[in-house]
Amino acid sequence: MSNERAVARSLAAVWHPCTQMKAHERFPLVPIARAKGAWLEDFEGKRILDGVSSWWVNLLGHGHPEIEAAIRDQLGKVSHVMLAGFTHEPVIELSERLARVAPGKLGHVFYASDGASATEIALKMAFHYWANRGKRGKNRFVSLDGGYHGETVGALAVTDVAIFRDAYAPLLRENLRVPFPGEAGAIDALERLLSERHAEIAALIVEPIVQGAAGMRMYSPEYLVRARELCTRYEVLLIADEIMTGFGRTGTLFAWEQAKCEGPDLMCLSKGITGGFLPLSCVLCTDEVYAAFYDDDVARGFLHSHSYTGNALACRAACTVLDILERDGVIAGNRAKAERFTASAGELASHPSVRNFRQRGMIWAFEVDTQAAEFARQAFELALSRGVLLRPIGRTVYFMPPYVIGDREFALLVDAGLAIAGRFGTPS
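What you see as residue numbers is a count from 1 along each chain, following the sequence as written. Two thresholds apply to this predicted model, a pLDDT of at least 70 for residue-level local features and 80 or more for giving and counting side-chain atom pairs, whereas whole-chain, interface and lining totals are computed over all residues. Based on all heavy atoms of the structure, the side-chain values leave hydrogens and waters out of the count.

As for the pattern of salt bridges
Stage number 1. Salt bridge criterion: a side-chain nitrogen from Lys or Arg within 4 Å of a carboxyl oxygen from Asp or Glu. Inspection of the entire model under this criterion finds 23 salt bridges.
Stage number 2. The salt bridge involving Lys 77 is made with Asp 73; its shortest N-O contact spans 3.1 Å.
Stage number 3. One salt bridge connects Arg 197 with Glu 200, and the closest N-O pair in it is separated by 2.9 Å.
Stage number 4. Residues participating in the shared-partner salt-bridge network are Glu 93, Arg 97, Asp 323 and Glu 326.

The following block contains the structure:
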């Protein structure tokens, strides 16, 4: 198939996500025929460096042979069986391993297929936990300014990104919001809210350390320490949304580990969990949360389900990702790699049009001082013309490459960033 034919067929039949389809009259789709390592390739052989891990999911490189082999092996055994009343080896192994490596005492795992579904599960589980304990009035949630937790109706109700939220505001339940942790007085505001309204609050939900869709906003782990103390004091559950930050993105297996305190009550995982091969998500919870549902009464059970819950192929891929991370010391290797990469980006960090260059683990971000009306789209196109996939958020440019990226490839990201700052920046 040619690039032109692939684009024409896609535009005729595929409604693309997070996209104004009419915009493709001016901005063509990018057809991809193959992918390997950190690279994508179109039907005519042009290579594109995947600087955003295909929406933050690809950890270990496209077409990783060990993950591919594990999926093929699992195909010869069982590809899927319903998890209601049945079980299989990959879901057992994955659940046991996640419970061992998760922060705190998160010993029970409930599965779905995508991050927003994991958020929905965590919110419902938190409410139902309190209801089963006779506190049905605890039915509101607290989230952070700039937080993003998905785009289904429940998840959107705790999301604070206007472009996703505003169109559906009439459908959303009102919840409570507190300042971003990087702002002065943020923890005091959280304490005031919890002390005054804890009787109606089921849970606080946070993206630990890094807020992704808000523009890679980073904050101190100390906020999590204090938030954990406050939630415990005021009997509010704490949900850690590690959908983006999990599996090494921030320099530790889970971002919460950097707080070095008691773990969350629930934790949401997705994106990198299968290395970008198959959709999978899950929610881990403590024994205490689980025990509140364990009863002879069916109505006290967590009556939530997805058809592909605990899919065997996806769970086998996730187990293999854990194998590779553990055996090859990937996260420790990433720390040295990230330090080297950051040092090599000095020219970009000091560019007169670049603001707030920052890094956490395998995430780099900066703002461009620009007056360009369509900066994100124009920056995307400029990077693509240089063989690099970047997807700016507003005026924030970020790099979140697969962990297999090397020094020369990272240099291409830096060069693309310099080109963007040079073309569209307006230094003061």
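Continuing now.
Considerations on the UniProt feature "modified residue: N6-(pyridoxal phosphate)lysine" (unreviewed entry) in the protein
Stage number 1. Here the UniProt feature "modified residue: N6-(pyridoxal phosphate)lysine" (unreviewed entry) sits at Lys 271.
Stage number 2. Exposure categories follow from relative accessible area, calculated using a 1.4 Å probe and restricted to protein chains: below 20% of the type maximum is buried, above 50% is exposed, and the middle band is partly exposed. When its relative accessible area of 26% is taken as the criterion, Lys 271 is described as partly exposed.
Stage number 3. The contact definition used throughout considers only heavy atoms, calling two residues in contact when any of these lie within 4.5 Å. In this structure Lys 271 touches Trp 55, Trp 56, Val 57, Ile 243, Met 244, Gly 276 and Leu 280, once residues within four positions along its chain are discounted.
Stage number 4. Among the polar contacts made by the side chain of Lys 271, one reaches the main-chain carbonyl oxygen of Trp 55 at a distance of 3.4 Å. UniProt positions are given in the numbering used here, feature names are shortened, and annotations may be inferred rather than shown by experiment. N or O atoms closer than or at 3.5 Å make up a polar contact, with two conditions inside protein: a donor-capable atom paired with an acceptor-capable one, and, for residues adjacent in sequence, both atoms drawn from side chains.

Some details on the state of the cysteines
Stage number 1. To count as a disulfide, a pair of cysteine sulfur atoms needs to be within 2.5 Å. For the structure shown, the criterion picks out zero disulfides.
Stage number 2. Cys 285 carries a free sulfur, and the closest cysteine sulfur to it, the one in Cys 282, is 11 Å from it.
Stage number 3. Residue Cys 285 is classed as buried on the basis of its relative accessible area, which comes to 6%.
Stage number 4. Cys 315 takes part in no disulfide bond, and the closest cysteine sulfur, belonging to Cys 319, lies 6.8 Å away.

Overview of the packing of aromatic side chains
Stage number 1. Classification of ring pairs rests on two measures: the distance between centres of Phe, Tyr or Trp rings, Trp counted by its six-membered ring, which must be within 6.5 Å, and the angle between planes, read as stacked under 30 degrees, edge-to-face over 60 and tilted in between. Evaluated as defined, the whole model comprises 16 aromatic pairs.
Stage number 2. With a centroid separation of 6.0 Å and 45° between ring planes, the pair formed by Phe 341 and Trp 364 is classed as tilted. Placement of Phe 341 in helix 12 (residues 330-344) and of Trp 364 in strand 14 (residues 363-368) is noted, with a sequence separation of 23 residues between them.
Stage number 3. You can call Phe 341 buried: its relative accessible area is 1%. The way it works is that DSSP assigns letters per residue, a run of H or I at least four long becomes a helix, a run of E at least two long becomes a strand, and they are numbered from the N terminus.

Observations concerning the sheet that holds strand 1 (residues 34-36)
Strand pairing within a sheet occurs via backbone hydrogen bonds; the two strands may be parallel or antiparallel.
Stage number 1. In this analysis, strands are considered paired if DSSP registers two or more bridges between them. Pairing is mixed in the open sheet, where four strands are placed in the order 1-2-3-15. Looking at which strands have only one partner, the edges of the open sheet turn out to be strand 1 and strand 15 (388-389).
Stage number 2. Bridge count between strand 1 and strand 2 (residues 39-41): three bridges; the pairing is antiparallel. Bridged to Lys 36 within strand 2 is Trp 39.

Concerning helix 12
Stage number 1. A helix is expected to span 1.5 Å multiplied by its residue count minus one. Under the 1.5 Å per step criterion, the end-to-end length of helix 12 is 20 Å for 15 residues, consistent within 8% with the ideal 21 Å.
Stage number 2. Among the residues making up helix 12, those that are buried are Val 330, Ile 331, Asn 334, Lys 337, Ala 338 and Phe 341. All buried residues of helix 12 lie within an arc of 110° about the axis, which places them on one face of the element. Facing away from the buried side of helix 12 by over 90 degrees, the exposed positions are Glu 339 and Ala 343.
Stage number 3. Summarising the contacts, the buried residues of helix 12 are in contact with helix 11 (312-327), strand 13 (354-360), strand 14 and helix 15 (407-424). Of all possible arcs, the one meant is that of the directions from the helix axis to the C-beta atoms.

Some thoughts on the domain arrangement of the protein
Stage number 1. Note that the domain bounds were set by an automatic or database domain assignment. When its domains are assigned, the protein resolves into domain 1 (3-63 + 329-424) and domain 2 (65-328).
Stage number 2. Spacing between the C-alpha centres of domain 1 and domain 2 amounts to 27 Å.
Stage number 3. The interface of domain 1 with domain 2 comprises 28 residues on the first partner and 33 residues on the second.
Stage number 4. Summed over both partners, the accessible area lost on bringing two parts together, with a 1.4 Å probe, is the buried area. When domain 1 packs against domain 2, close to 2500 Å² is buried across both sides, 64% of that on carbon and sulfur atoms.
Stage number 5. Applying the counting criterion to the domain 1 and domain 2 interface returns zero salt bridges.
Stage number 6. Between domain 1 and domain 2 we count 18 residue pairs in polar contact (both at pLDDT 80 or more) in total.
Stage number 7. Secondary-structure elements contributing two or more residues to the side of domain 1 that touches domain 2 are helix 2 (53-56), helix 12, strand 13, strand 14 and strand 16 (396-399).

Here's the deal with the environment of Lys 138
Stage number 1. With respect to the helices and strands, the residue Lys 138 is situated in the loop between helix 5 (115-132) and strand 5 (140-144).
Stage number 2. Between the C-alpha atoms of Lys 138 and Asp 114, which are 24 residues apart in sequence, the distance is 26 Å.

Quick word on the side chain of Asp 42
Stage number 1. Structurally, Asp 42 can be placed in the loop between strand 2 and strand 3 (47-50).
Stage number 2. One buried charge, Asp 42, has no salt-bridge partner; the nearest side chain with opposite charge is Lys 46, at 6.0 Å.
Stage number 3. Here Gly 45 takes part through its backbone nitrogen, which lies 2.9 Å from a polar atom of the side chain of Asp 42.
Stage number 4. Of the polar contacts made by the side chain of Asp 42, one reaches the backbone nitrogen of Lys 46; its length is 2.9 Å. Neither His nor the chain termini are counted; the positive set is Lys and Arg, and the negative set is Asp and Glu.

Re the sheet that holds strand 5
Stage number 1. What the seven strands build is an open sheet, ordered 4-12-11-10-7-5-6; its pairing is mixed. Of all strands in the sheet, those with a lone pairing partner are strand 4 (108-112) and strand 6 (176-178), marking the two edges. Within the sheet, the average angular offset between the axes of one strand and its neighbour, ignoring direction, is 20°.
Stage number 2. In this sheet, strand 7 (residues 201-206) lies alongside strand 5 in parallel orientation, the contact comprising three bridges. Note that in strand 7 the partner of Phe 141 across the bridge is Ala 203. Between N-to-C directions, angles cover 0 to 180 degrees, with each direction set by a line fitted to C-alpha atoms, over the stretch in contact for helices.

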